Amino acid sequence: MLELSNFNTKHFTFINYINLNEEQSKEIWVGRNHPEIRKWMTNSDPFSYKEHLKFIENLRKRTDRIFWAVLFQDKIVGSYCLNPYNSIEKKGEMGKFLFVEYWGRGLGKIATKEFLDYVLNNHIVNEIEIRTLIENKKNQHINEINGFKIYGQDDKYVFMKLRKEDCQ
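Since the model is a prediction, treat every value here as computed from it, not as a measurement.

What counts and what doesn't
Residues numbered from 1 in each chain as written. Predicted model: local features only at pLDDT ≥ 70, side-chain atom pairs only at ≥ 80, totals over all residues. Heavy atoms only, no water. Helix = DSSP H or I, 4+ residues; strand = E, 2+ residues; numbered from the N terminus. Rg over C-alpha atoms; globule rule 2.2 N^0.38 Å. Contact = heavy atoms within 4.5 Å. Areas by Shrake-Rupley, 256 points an atom, 1.4 Å probe, with all protein chains shown as cover. Lys, Arg positive; Asp, Glu negative; His and termini not counted. Charge placed at Lys NZ, Arg CZ, Asp CG, Glu CD. Phe/Tyr/Trp six-rings, centres within 6.5 Å; stacked < 30°, edge-to-face > 60°. Lys NZ or Arg CZ within 6 Å of the ring centre and 35° of its normal. Axes fitted to C-alpha atoms, helices over the stretch in contact; angles between N-to-C directions. Parallel < 35°, antiparallel > 145°, perpendicular 65-115°, else oblique. Left-handed = near helix turned anticlockwise from the far one by under 90°. Nonpolar A, V, L, I, M, F, W, Y, C, P; charged D, E, K, R; others polar. Salt bridge = Lys/Arg side-chain N within 4 Å of Asp/Glu carboxyl O. Buried < 20%, exposed > 50% of the residue type's maximum accessible area, 1.4 Å probe, protein only. Pairing = 2+ DSSP bridges.

Visitor: I tried to follow the overall build of the chain on my own but got confused; where do I start?
Guide: The number of helices and strands found in the chain is six helices and eight strands. Listed by position from the N terminus, the elements making up the chain come as β-β-α-α-α-β-β-β-α-β-α-β-β-α. Radius of gyration (C-alpha) of the chain: 15 Å, near the 15 Å computed for a compact globule of 168 residues. Taking the principal axes of the C-alpha coordinates as reference, the chain spans close to 40 × 35 × 30 Å. Pairs at least 24 apart in sequence give 55% of the contacts found in the chain among residues at least 6 apart. About 9,500 Å² of surface is accessible on the chain, with carbon and sulfur atoms providing 49% of the total. Here the chain holds 26 positive side-chain charges and 23 negative ones, and the gap between their average locations is 1 Å.

Printed below as a string of structure tokens:
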């Protein structure tokens, strides 16, 4: 099992999904199944709470992915992940979402910056990639202001990368 657990940044608490209580787990499930969140996901299909619990249980056995719920002022506001994650190469693909009711407050920009600062400065990753749907201009903008550079595009996604040495 991966030893990365919960961590705090200046404004947020990141709780590993495997450490969530039932109420928190249900909040993540409800938020992830919101149609305005789902439409931006690689897997945009809704899923049952039972499937969600099975996913979390499987995370306990995996070392190639980490998911965190993000708390702001003691309320879950979204989720960040490294999926896939390679602890040997110190590389990961970041995924993220912010609950709809928190959009437009600048929390996504700040949470992304603090998440990146933590995972880069604590030697969790030296390189992070992210892919966003071409239409998801807001997410691309947040990524760019946090240092990501576009390195490619296909008919569906924009591919971006951030390397630790580029942040120094």
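Visitor: Could you clarify how one ought to interpret the packing of aromatic side chains in this entry?
Guide: The relative placement of two aromatic rings is captured by the distance of their centres and the angle of their planes. For the structure on display, the rule yields 16 aromatic pairs. Between Tyr80 and Phe115, the ring centres sit 5.0 Å apart and the planes meet at 40 degrees, which makes this aromatic pair tilted. Here Tyr80, found in strand β4 (residues 75-86), pairs with Phe115, found in helix α4 (residues 107-121); they are 35 residues apart in sequence, far enough to count as distant. Stacked on the ring of Tyr49, the Lys or Arg Lys26 has its end atom at 4.7 Å from the ring centre.

Visitor: Help me understand the packing of helix α1 (residues 22-32) against helix α3 (residues 49-59), please; the structure alone is not making it clear to me.
Guide: When two helices pack together, their arrangement is given by the angle between the helix axes and by the axis-to-axis distance. Closest axis-to-axis distance for the α1/α3 pair is 10 Å, and the angle between their directions is 115 degrees. One element, α1, and the other, α3, form an angle in the roughly perpendicular class. As for the relative orientation of α1 and α3, their crossing is right-handed in sense. Between α1, through Glu22, Ser25, Lys26, Ile28 and Trp29, and α3, the contact on the second element is made entirely by Tyr49, His52, Leu53 and Ile56. Class assignment for the residues of the contact of α1 with α3 results in five nonpolar, two polar and two charged.

Visitor: Just to check I follow, could you spell out the pattern of salt bridges for this structure?
Guide: The final tally for this structure, using the stated rule, is 12 salt bridges. Residues Asp64 and Arg62 are paired through a salt bridge, measuring 2.7 Å at the closest nitrogen-oxygen approach. Classification of Asp64 as partly exposed rests on a relative accessible area of 25%. Take Arg62: its relative accessible area is 31%, and that puts it in the partly exposed class. Residue Glu165 is joined to Arg163 by a salt bridge in which the shortest nitrogen-to-oxygen separation is 3.5 Å. With relative accessibility at 33%, the residue Arg163 sits in the partly exposed group. Linked through salt bridges whose partners overlap, the residues forming this network are Glu89, Lys91, Glu127, Glu129 and Lys161.

Visitor: Help me understand the pairing of strand β2 (residues 12-16), please; the structure alone is not making it clear to me.
Guide: Side-chain positions along a regular strand alternate between the two faces of the sheet. With four of its five residues buried, β2 lies for the most part within the structure. Alignment of strand β1 (residues 7-8) against β2, held across two bridges, turns out to be antiparallel. Directly across from Asn8, in β2, lies its bridge partner Thr13. Linkage of β1 to β2, two consecutive antiparallel strands, is achieved through a turn of three residues. Where β2 and strand β3 (residues 66-72) come together, five bridges link them in antiparallel fashion. Directly across from Ile15, in β3, lies its bridge partner Ala69.

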